[in-house]
Each structure stands twice: as C-alpha cells, then as structure tokens.
Amino acid sequence: MSALWNAIGRRLSFTLDPETAHGLALSGLKAGAIPAGKPHDDPRLGVMAAGLAFAYPLGVAAGFDKNAEVPDALIALGFGFSEVGTTTPLPQPGNPRPRIFRLTRDRAVINRLGFNNEGHDAAFARLVARRGRGVVGVNIGANKDADDRIADYVTGIRRFYTLASYFTVNISSPNTPGLRDLQGRARLAELLARIDEARAIEAEIHKRAVPVLLKIAPDITEADLDDIVAEVTDKSLDGMIVSNTTLSRTGLSRDPGEAGGLSGQPLFERSTVMLAKTRERIGPEMTLIGAGGVDSAETALAKIEAGADLVQLYTGMIYSGPDIARTINRGLSAALDRSGAASIGALRDSKTAEWAAKPLPG
Ligand SMILES: Cc1cc2nc3c(=O)[nH]c(=O)nc-3n(C[C@H](O)[C@H](O)[C@H](O)COP(=O)(O)O)c2cc1C
C-alpha cells in the first residue's frame with residue numbers, strides 16, 4: 001500500500017487543493033475503498049493510560065475527522081485510537097477558503113479552518129450509530145459567536161458523556177479569535193472548575209468516570225505552563241495533549257505568508273520540548289499525549305522517550321498516506337526488539353530530562 005501511495009496516491013491527491021483531497025480521503029474511508037489490512041500483532045505495543053486500554057500507542061489527532069464520520073475506519077488502518085472533532089454545539093462554516101496550505105518541501109501544513117464543523121447533533125448521531133469498539137476521544141470546542149464560551153465546553157461534556165472514551169478540551173486552536181485566552185490562569189481555573197462540576201454530575205448519573213485531557217498550544221511560556229499544569233492538577237483532570245499547531249514560522253525553508261497554525265515536521269522540535277517540560281512539571285502519573293511532527297517510528301518513539309504515554313499525528317498522514325500507522329507500528333516493534341524493553345511504556349521518560357533542558361525554539 002505504501003509503495004502504491006508513493007507511486008500514485010500522493011501525486012494524485014497533491015494535484016487537488018488540500019481540502020478537496022481531504023474530502024476524498026474521508027469518502028474513501030467511508031466507502032471502505034482504503035484497505036484496512038491485517039492487524040499488527042504485538043502486545044508489547046499495548047498501553048494502559050487514563051484507565052483505558054490502547055492496542056497501539058499511536059492515534060489520529062483531532063481535525064482529521066471533525067464530524068465523527070470515520071473513527072472506526074481510521075482505527076482499522078492500525079491506529080490505537082482516534083479523536084473526533086473539534087465539535088462545537090452549533091454547526092459553523094469556519095473561515096473562507098482557501099484555508100489549508102501544503103508546504104511540501106517542509107512536510108508541513110498551515111491551516112486556518114476556524115472550527116468548521118457540523119455541530120454536536122451531527123457528530124452525536126454518528127457516534128450513537130457506530131458499531132466499532134475501539135477507543136474514540138471526543139474533542140470539544142466553543143462556537144466562535146458564543147456569548148459564554150465556557151458553557152459550550154460544559155455542553156460538550158454533558159452531550160457526549162455516554163459516547164466518548166475520553167474528552168479533549170481544546171483551548172489551543174489559533175484560528176478562533178480569543179480562544180487561546182482560555183489558557184490564562186484565571187479563565188482556565190473557571191473553565192476547568194465548570195468542566196469538573198459537569199463531569200461529576202454525569203459520573204454520578206452514569207457510574208463511569210470519563211477521562212478529560214486538556215490540549216495546549218506550543219506557543220506558551222514556561223511560566224504559562226507552570227500555571228496550566230497547576231490548574232490541571234488542582235481540578236483533577238486526567239492529563240494533557242501537547243500540542244496543537246504553532247503560530248511560529250521557525251524552521252520553514254520559505255514562509256508562504258499565510259495566517260494560521262503550522263503543523264508537521266517543523267513543529268516536531270518545539271512540541272517535543274514542550275511535552276518534556278510538561279512531563280517534568282506534571283509528574284509520572286498523569287497521561288500525556290504527544291502530538292506535533294510525528295511521521296515515523298523514530299519521531300513517535302522520541303515523543304515517548306520525552307514523556308508521552310501516547311502519540312497522535314495528522315500531517316504525517318497527508319505526506320505518507322494511510323499506511324503510516326502500520327509502518328510506525330512495525331518500526332516500534334523493531335525498536336523494542338533492539339532495546340530489549342518489555343513494553344513500549346518502559347521507554348517512556350528515558351530522555352525526558354534531555355528534551356526538557358532544551359530551550360524552546362525562537
Ligand atoms: C487541517 C488541520 C485541522 C486541524 N483541526 C484541529 C481541530 O479541529 N482540533 C484540534 O484540537 N486540533 C486540530 N488540528 C491540530 C492537530 O490535531 C495536531 O495537534 C497538530 O496538527 C500537530 O500534529 P501534526 O504535526 O501531526 O499534524 C488540526 C491540524 C490540521 C493540520
């Protein structure tokens with residue numbers, strides 16, 4: 001499949017504008033046109049995190065399946081989990097097109113989608129109807145025009161409580177003006193307190209505690225990170241996702257001058273340094289998911305060594321195709337063979353101090 005992708009699929013998909021190509025990929029997955037293949041059988045890749053069992057440490061990051069159309073088809077490609085959303089209470093169109101840009105030479109993407117999605121009702125209906133049993137996280141956000149953005153997150157928790165394996169509270173998209181202000185200490189304290197309250201009510205009704213993770217931007221200072229980790233710990237969240245896209249243009253061979261969040265290879269260093277700094281602050285118990293520039297077994301392993309329990313990717317799949325999960329799973333098994341470690345989790349934190357000591361790229 002990867003040879004076929006390299007020969008035909010990628011060239012064909014790159015002749016289309018990125019959003020059209022993405023729509024085609026979703027249609028292909030829905031129609032079963034992208035073959036799932038045999039599962040990679042290696043129990044050493046299994047991870048227990050936030051009380052959930054993952055067959056593999058690699059998942060699909062939010063944004064690929066905003067409307068919960070293909071979570072199980074993605075898992076069938078060899079991902080250990082998929083994260084749907086960001087979903088907002090009401091449907092919204094997002095920013096005018098074009099709003100996704102490929103930076104092919106840098107294996108990167110800039111997007112300024114702005115939470116385009118069909119809203120809670122559509123995602124809810126699809127998740128109710130799904131038959132798969134894999135781990136599916138629900139990434140929740142706020143409508144651009146909401147009077148009370150925090151209330152939108154509370155609505156998300158309550159609406160999807162019986163359907164989500166875990167929740168991601170996304171306050172780190174750069175494309176909804178003012179959203180990242182929720183990362184400031186006072187607003188974050190209020191947001192997390194209200195989420196904690198909603199979760200406690202639902203947990204009491206359903207007798208099940210659904211894990212909640214906070215997804216942060218890689219563009220914060222270390223002092224901001226201190227505050228965020230303190231609030232996450234104080235409000236009994238289960239962990240964090242580090243990170244969303246960056247506003248920085250460091251590491252690009254050419255800056256195309258487009259506004260939006262940058263993802264892919266140039267984000268790898270920044271997001272991995274931020275991940276390790278988060279692990280050092282948050283301690284060993286909390287779940288951390290590393291995202292940003294993962295496109296190979298080496299980069300996935302580096303995130304785990306820097307402190308991640310689990311890893312996610314999006315942009316890597318745009319450049320390497322749908323076989324990327326299987327390729328990474330095989331590479332992780334080979335790395336375990338070489339290291340002699342009994343499980344992938346045993347490699348976590350082996351380089352946290354090294355990564356955390358690096359300065360954040362300018
Ligand atoms: C086109 C696109 C859309 C995205 N949409 C979302 C989103 O809706 N919610 C979210 O939390 N992250 C979103 N992201 C960020 C990814 O989930 C991920 O955190 C980021 O891209 C870094 O991973 P990567 O380098 O593997 O792409 C999006 C990324 C891309 C490229």
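Up top is the structure these notes are about.
Everything numeric here is computed off the predicted structure, so don't read it as measured data.

About the cut-offs
- Residues numbered from 1 in each chain as written.
- Predicted model: local features only at pLDDT ≥ 70, side-chain atom pairs only at ≥ 80, totals over all residues.
- Helix = DSSP H or I, 4+ residues; strand = E, 2+ residues; numbered from the N terminus.
- Rg over C-alpha atoms; globule rule 2.2 N^0.38 Å.
- Buried ≥ 20, exposed ≤ 12 C-beta atoms within 10 Å, placed from the backbone.
- Contact = placed C-beta atoms within 7 Å.
- Pairing = 2+ DSSP bridges.
- Axes fitted to C-alpha atoms, helices over the stretch in contact; angles between N-to-C directions.
- Core = buried A, V, L, I, M, F, W, Y, C linked by C-beta atoms within 7 Å.
- Expected span 1.5 Å × (residues − 1).
- Parallel < 35°, antiparallel > 145°, perpendicular 65-115°, else oblique.
- Left-handed = near helix turned anticlockwise from the far one by under 90°.
- Nonpolar A, V, L, I, M, F, W, Y, C, P; charged D, E, K, R; others polar.
- Near = placed C-beta within 6 Å.

K.L.:
Describe in detail the overall build of the protein chain, supporting the description with residues and values.
P.N.:
If you tally the helices and strands in the protein chain, you get 12 helices and 13 strands. Over its C-alpha trace the protein chain gives a radius of gyration of 19 Å, about what one expects of a compact globule, namely 21 Å for 362 residues. The principal-axis extents of the C-alpha atoms in the protein chain amount to approximately 50 × 45 × 45 Å. When the 362 residues of the protein chain are sorted by exposure, 49% land in the buried category. Intrachain contacts of the protein chain at a sequence separation of at least 6 include 75% that bridge at least 24 residues.

K.L.:
Would you mind going over the sheet that holds strand 9 (residues 212–216) in detail, with residue names and values included?
P.N.:
Taken in spatial order, the eight strands close into a barrel running 3-4-7-8-9-10-12-13, and their pairing is parallel. Geometrically, the sheet is characterised by an average inter-axis angle of 25° between neighbouring strands, direction not taken into account. Here strand 7 (residues 135–140) runs beside strand 8 (residues 166–170); their pairing, made up of four bridges, is parallel. Within the sheet, the bridge partner assigned to Val-138 lies in strand 8 and is Phe-167.

K.L.:
Mind laying out the nonpolar core, listing which residues take part and the relevant values?
P.N.:
The tendency in soluble globular proteins is for nonpolar side chains to be buried side by side. Counting 96 residues, the largest nonpolar core has Phe-79, Phe-167 and Leu-213 as the members making the most contacts within it. With six residues, the single largest contributor to this core is helix 8 (residues 268–282). Leaving out residues up to four positions away in the same chain, Phe-79 has contacts with Tyr-56, Leu-58, Gly-59, Val-60, Leu-74 and Ala-325.

K.L.:
Can you break down helix 8 residue by residue, with the values?
P.N.:
For helix 8, built from 15 residues, the straight-helix expectation of 21 Å at 1.5 Å per residue is met to within 8% by its first-to-last C-alpha distance of 21 Å. Of all 15 residues in helix 8, 12 are buried; the element is thus mostly enclosed. Taken together, the buried positions of helix 8 are occupied by Phe-268, Arg-270, Ser-271, Thr-272, Val-273, Met-274, Leu-275, Ala-276, Lys-277, Thr-278, Arg-279 and Ile-282. Tucked into the core, helix 8 has its buried residues touching helix 7 (222–234), strand 10 (239–242), strand 12 (287–291), helix 9 (297–305) and helix 12 (352–356). Downstream of helix 8 by one or two residues, Gly-283 has phi in the positive range, about 85°.

K.L.:
Before we move on, could you go through the packing of helix 9 against helix 11 (residues 324–339) and cite the residues and values that matter?
P.N.:
Contact geometry of helix 9 with helix 11 gives a least axis separation of 8 Å together with a crossing angle of 60°. With respect to helix 11, the axis of helix 9 lies oblique. Crossing handedness for the pair helix 9 and helix 11: right-handed. Where helix 9 abuts helix 11, its residues Ala-297, Ala-300 and Leu-301 lie against Ile-328, Gly-331, Leu-332 and Ala-335.

K.L.:
Which residues make up the packing of helix 6 (residues 185–206) against helix 7, and what values go with them?
P.N.:
Taken N-terminus to C-terminus, the directions of helix 6 and helix 7 make an angle of 20°; their axes are 10 Å apart at the nearest point. Compared by their axis directions, helix 6 and helix 7 come out roughly parallel. Note on packing geometry: the crossing formed by helix 6 with helix 7 is right-handed. Residue-level inspection shows Arg-185, Leu-188, Ala-189 and Leu-192 of helix 6 in contact with helix 7, the latter providing Asp-227, Ile-228 and Glu-231. When the residues that make up the contact of helix 6 with helix 7 are grouped by side-chain class, the tally is four nonpolar, no polar and three charged.

K.L.:
Provide a residue-level description of the site of the ligand, including the pertinent values.
P.N.:
Near the ligand there are 26 residues, and of these Ala-61, Gly-63, Ser-263, Tyr-314 and Thr-315 occur at the shortest range. Looking at the shell around the ligand, the elements with two or more residues in it are strand 6 (108–111), strand 11 (261–264) and helix 10 (315–320).

K.L.:
Give a description of the environment of Phe-167 that names residues and reports values.
P.N.:
Structurally, Phe-167 can be placed in strand 8. The class for Phe-167 is buried, based on 26 C-beta atoms found within 10 Å. In this structure, the C-alpha to C-alpha distance between Phe-167 and Ser-271, residues 104 residues apart in sequence, is 21 Å. With near-sequence residues (within four places) excluded, Phe-167 lies in contact with Gly-137, Val-138, Ile-140, Ile-157, Val-210, Val-212 and Leu-213.

K.L.:
Tell me what's going on with unusual backbone geometry, and back it up with residues and numbers.
P.N.:
Residue Thr-86 is reached from Gly-85 by a cis peptide bond, and omega for that bond is 15°. Among the structural elements, Thr-86 can be located in strand 4 (residues 81–87). Omega for the peptide link from Arg-97 to Pro-98 comes to -5°, which places this bond in the cis form. Relative to the assigned elements, Pro-98 resides in the loop between strand 4 and strand 5 (100–103). Here Ala-68, not a glycine, exhibits a phi torsion of approximately 60°, which is positive. Locating Ala-68 in the fold gives a position in the loop between strand 3 (58–60) and helix 3 (71–76). Its 25 C-beta neighbours within 10 Å are what place Ala-68 among the buried residues. Even without a glycine there, the phi angle at Lys-207 is positive, about 55°. Relative to the helices and strands, Lys-207 is located in the loop between helix 6 and strand 9. Look at Lys-207 and you get exposed, because 6 C-beta atoms sit within 10 Å.

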